[in-house]
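Coordinate inspection notes
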Amino acid sequence: MKYRYIRDRIRSILQLDDPPHKLALAFSLGVFIAFTPTIGLHLISCLLLAWALRLSKLVIITGSFLNNPWTIVPLYGFCLWFGIKLTGAGATAPEIAWHDLTLGNVYLVLRPYLWPFVAGTLVAGLVGAAVSYALFYVAIIRYRKFERT
């Protein structure tokens, strides 16, 4: 039942009338947004970007669903680790002083992780967007070729 629903949603996206490059661009921008550190603003970002670039809202939001409650911890955990490696902030992720964390000092405690987190999410997002563009473009071309025969 679940797989049929997912398959039907994917099929409905692949059957949209937009050119393949435009659909692939929308999907890859959604994937990029999924990686961005703007936690809680992904839907608004998707809608604004879809409106500004005249892309399919359905496709861009679908791409952003890469980041969801089941994937947010591993996705952002990897991005933080990758950002630490990328920026040279340290060999391993330092310990967060959770017991010292209050609403008043949250910025001071988490500040050492801010730049590595932003760098990691943006670079991983660019790579994810590039890969998803290529895969989605090929999938659309193959699906449409298959449907014509």
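In this text, all values refer to a predicted model and were calculated from it rather than measured experimentally.

Ranked by size, the top nonpolar core spans 24 residues in total, and within it Phe35, Val59, Ile60 and Phe136 carry the most contacts. With eight residues, helix 2 (residues 20-35) is the single largest residue contributor to this core. With sequence-adjacent residues up to four places away left out, Phe35 is seen in contact with Leu66, Leu75, Tyr76, Cys79, Thr121, Ala124 and Gly125.

Further remarks concern the pattern of salt bridges. Per the stated rule, a full pass over the model turns up one salt bridge. Notably, a salt bridge pairs Asp8 with Arg11, separated by 3.8 Å at the nearest N-O pair. Residue Asp8 and its partner Arg11 are both found in helix 1 (residues 2-14); the two are separated by three residues, about one turn of the helix.

Turning our eyes to something else, we now look at a nonpolar patch on the surface. Judged by side-chain polarity, Val106, Tyr107, Leu108, Leu110 and Leu114 come together as a nonpolar surface patch covering roughly 450 Å² of accessible area. Leu108 sits in the exposed class, given a relative accessible area of 54%.

This part is about helix 2. With 16 residues, helix 2 should reach 22 Å at 1.5 Å per residue; the first-to-last C-alpha distance of 23 Å fits that figure. With 12 of its 16 residues buried, helix 2 lies for the most part within the structure. Among the residues of helix 2, Pro20, Leu23, Ala24, Ala26, Phe27, Ser28, Leu29, Gly30, Val31, Ile33, Ala34 and Phe35 are the ones counted as buried.

This part takes up the confidence of the model for the chain. For the chain, the average pLDDT comes to 88, and 95% of its residues sit at 70 or higher. Within the chain, no element has a lower average pLDDT than helix 1, which sits at 78, and none a higher one than helix 2, at 96.

Bringing the packing of helix 2 against helix 6 (residues 106-148) into the picture now. Relative to each other, helix 2 and helix 6 sit at 150°, their axes nearing to 7 Å. One way to sum up the angle between helix 2 and helix 6 is to call them roughly antiparallel. Crossing angle aside, the handedness with which helix 2 passes helix 6 is right-handed. Residue classes in the contact of helix 2 with helix 6 are distributed as 17 nonpolar, six polar and one charged.

What counts, and at which threshold
- Residues numbered from 1 in each chain as written.
- Predicted model: local features only at pLDDT ≥ 70, side-chain atom pairs only at ≥ 80, totals over all residues.
- Heavy atoms only, no water.
- Core = buried A, V, L, I, M, F, W, Y, C linked by side-chain atoms within 4.5 Å.
- Buried < 20%, exposed > 50% of the residue type's maximum accessible area, 1.4 Å probe, protein only.
- Helix = DSSP H or I, 4+ residues; strand = E, 2+ residues; numbered from the N terminus.
- Contact = heavy atoms within 4.5 Å.
- Salt bridge = Lys/Arg side-chain N within 4 Å of Asp/Glu carboxyl O.
- Patch = residues over 30% accessible without salt bridge, like charges linked within 9 Å, V, L, I, M, F, W, Y side chains within 5 Å.
- Areas by Shrake-Rupley, 256 points an atom, 1.4 Å probe, with all protein chains shown as cover.
- Expected span 1.5 Å × (residues − 1).
- pLDDT = per-residue confidence, 0-100.
- Axes fitted to C-alpha atoms, helices over the stretch in contact; angles between N-to-C directions.
- Parallel < 35°, antiparallel > 145°, perpendicular 65-115°, else oblique.
- Left-handed = near helix turned anticlockwise from the far one by under 90°.
- Nonpolar A, V, L, I, M, F, W, Y, C, P; charged D, E, K, R; others polar.

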